[in-house]
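Structure assessment
Now for the letters of each chain:
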Amino acid sequence: MSTITERAAAAAGRTEPATPPAENAPAEEFVPAADPMANYEPGDNDPEQVPVGVAWLRVRRDIRAISKDQQYNQAGTRFNFRGVDTVVNVFGPVTLKHGVNVLSSKVEASYGEKTTAKGTKMRECSVLVTWTIMGPLGDTLTLQTMGEALDTADKATTKAQSVALRTLLLGFGLTPTHDKDPDADRIERGNDAPVRSAESYRDEILDKKTSPQRIQQIGYEVANLRMLNAKVQNETGEWETLDSLGPRIYKERTGGGQ
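Being a predicted model, the structure only gives us computed values, none of them experimental. Each chain carries its own residue numbering, running from 1 in the written order of its sequence. The predicted origin of the model limits local features to residues at a pLDDT of at least 70 and limits the giving and counting of side-chain atom pairs to 80 or more, whereas totals for whole chains, interfaces and linings rest on all residues. Side-chain numbers here rest on the full set of heavy atoms in the structure, without hydrogens or water.

The subject of this paragraph is the packing of helix α5 (residues 198-206) against helix α6 (residues 212-224). Taken N-terminus to C-terminus, the directions of α5 and α6 make an angle of 165°; their axes are 10 Å apart at the nearest point. In terms of axis orientation, α5 runs roughly antiparallel to α6. When the axes of α5 and α6 are compared, the crossing they make is left-handed. In contact with Tyr201, Glu204 and Ile205 of α5, α6 contributes Arg214, Ile215, Ile218, Glu221 and Val222. Each residue gets one of three labels, nonpolar for Ala, Val, Leu, Ile, Met, Phe, Trp, Tyr, Cys and Pro, charged for Asp, Glu, Lys and Arg, and polar for the others, Gly among them. Its residues assigned to classes, the contact of α5 with α6 shows 5 nonpolar, no polar and 3 charged. Axis definition: a line fitted to C-alpha atoms, limited for helices to the stretch in contact. Angles are taken between N-to-C directions and run from 0 to 180 degrees. In this text, helices come from DSSP runs of H or I with a minimum length of four residues, and strands from runs of E with a minimum of two, each type numbered from the N-terminal end. Angles are sorted into four bins: roughly parallel if under 35 degrees, roughly antiparallel if over 145, roughly perpendicular if 65 to 115, and oblique for all others. Definitions for this section: a left-handed crossing has its near helix turned counterclockwise from the far helix by less than a right angle. A right-handed crossing has that turn clockwise. Contacts are residue-level and defined by heavy atoms, with any inter-residue pair within 4.5 Å sufficient.

Here it is as structure tokens:
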């Protein structure tokens, strides 16, 4: 009569030994499974069997540019962009042609909460995605990109991963836009710091804690700002230019010396 173990094994299509092996019996030798790709022969429509680096270069060569044809125009803000759907639609057929797979092998996400100017609560998601680029030979490249997104419902994670994918394809694909070269325009950088008023310089000059050296420095500052002739009310209520007030107070605090 067969045992329960033997009947279960037979139902599963395998044969169990009638008796368990002895305690000191040698372990059976491990035999790895055969590689299913060992005897693979490319078909007529299969991509050329080249390393992943070569295959990725061929993808880049076939994708000449993806222009910024989509436009965002909401809440008084308008700009052109390349959406993830547009980018995937261009890259998808070309990666198939060259036997390239783009796989997300690891996603690390962090979450937060933001409030809009109108008081709407939004879920914030930031992701770090590790990508595996696999070529037709099965060799791989490992790349990482980040993505951020906000959403009022449950789509923040999906949006953030979509941004990371778009960054991968455009960034590591070095995909141009055919836009105007930024170096074609020359823009003078302005002073990011707010310009001080003549009255604020007057108050600092008249402050007894202000050293003579600082008063000299203020003279250089107001000269660069072209404010030397700006008139302010001095300590007696009379109108006086900064070019007159500064040197006068300097002389008083240094005993008349320069």
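With that settled, the discussion passes to the packing of aromatic side chains. Each Phe, Tyr or Trp ring, with Trp reduced to its six-membered ring, pairs with another whose centre is within 6.5 Å; inter-plane angles below 30 degrees give stacked pairs, above 60 give edge-to-face pairs, and intermediate values give tilted ones. Applying the stated criterion across every chain, the model contains 1 aromatic pair. Between tryptophan 56 and phenylalanine 91, the aromatic rings sit 6.3 Å apart at their centres with planes inclined by 20°, giving stacked as the arrangement. With tryptophan 56 in helix α2 (residues 52-62) and phenylalanine 91 in helix α3 (residues 84-97), the pair connects residues that are 35 residues apart, well separated along the chain. With respect to class, tryptophan 56 is no different from phenylalanine 91; both count as buried. Exposure classes here rest on a 1.4 Å probe applied to the protein chains alone. A residue is buried below 20% of its type maximum, exposed above 50%, and partly exposed in between.

This part takes up the packing of α3 against helix α4 (residues 156-172). When two helices pack together, you describe them by how their axes are tilted relative to each other and by the distance separating the axes. Closest axis-to-axis distance for the α3/α4 pair is 9 Å, and the angle between their directions is 45°. Compared by their axis directions, α3 and α4 come out oblique. Crossing geometry of α3 relative to α4 is assigned as left-handed. Contacts between α3 and α4 involve Val84, Val87, Val88 and Phe91 on the former and, on the latter, Ser162, Leu165, Arg166, Leu169 and Leu170. Split into classes, the residues belonging to the contact of α3 with α4 amount to 7 nonpolar, 1 polar and 1 charged.

Here the focus is unusual backbone geometry. With phi around 45°, leucine 174 is a residue other than glycine that occupies positive phi space. Following the sequence through the fold, leucine 174 ends up in the loop between α4 and α5. We classify leucine 174 as exposed; its relative accessible area is 56%.

Generally speaking, nonpolar side chains in soluble globular proteins are found buried as a group. By size, the foremost hydrophobic cluster in this structure holds 24 residues, and its most contacted members are Trp56, Val59, Phe91 and Ile133. For this core, the secondary-structure elements that each account for two or more residues are α2, α3, β4 (121-134), β5 (140-151) and α4. Residues in contact with valine 59, not counting those within four places in the same chain, are Phe91, Val94, Thr95, His98 and Val100. Val222, Met227, Leu242 and Leu245 belong to the second-largest nonpolar core, a separate cluster that totals 12 residues. The term nonpolar core refers to a set of buried residues drawn from Ala, Val, Leu, Ile, Met, Phe, Trp, Tyr and Cys, joined through side-chain atoms within 4.5 Å.

Turning our eyes to something else, we now look at the environment of threonine 115. With respect to the helices and strands, threonine 115 occurs in strand β3 (residues 101-115). A C-alpha to C-alpha distance of 9.9 Å links threonine 115 and threonine 152, two positions 37 residues apart in sequence. The residues contacting threonine 115, other than those within four sequence positions of it, are Thr120 and Lys121. Polar contacts involving the side chain of threonine 115 include one to the side chain of lysine 121, which spans 3.4 Å. Side-chain atoms alone can form a polar contact between residues adjacent in sequence; in general such a contact is a pair of N or O atoms within 3.5 Å, and within protein one must be able to donate a hydrogen while the other accepts it.

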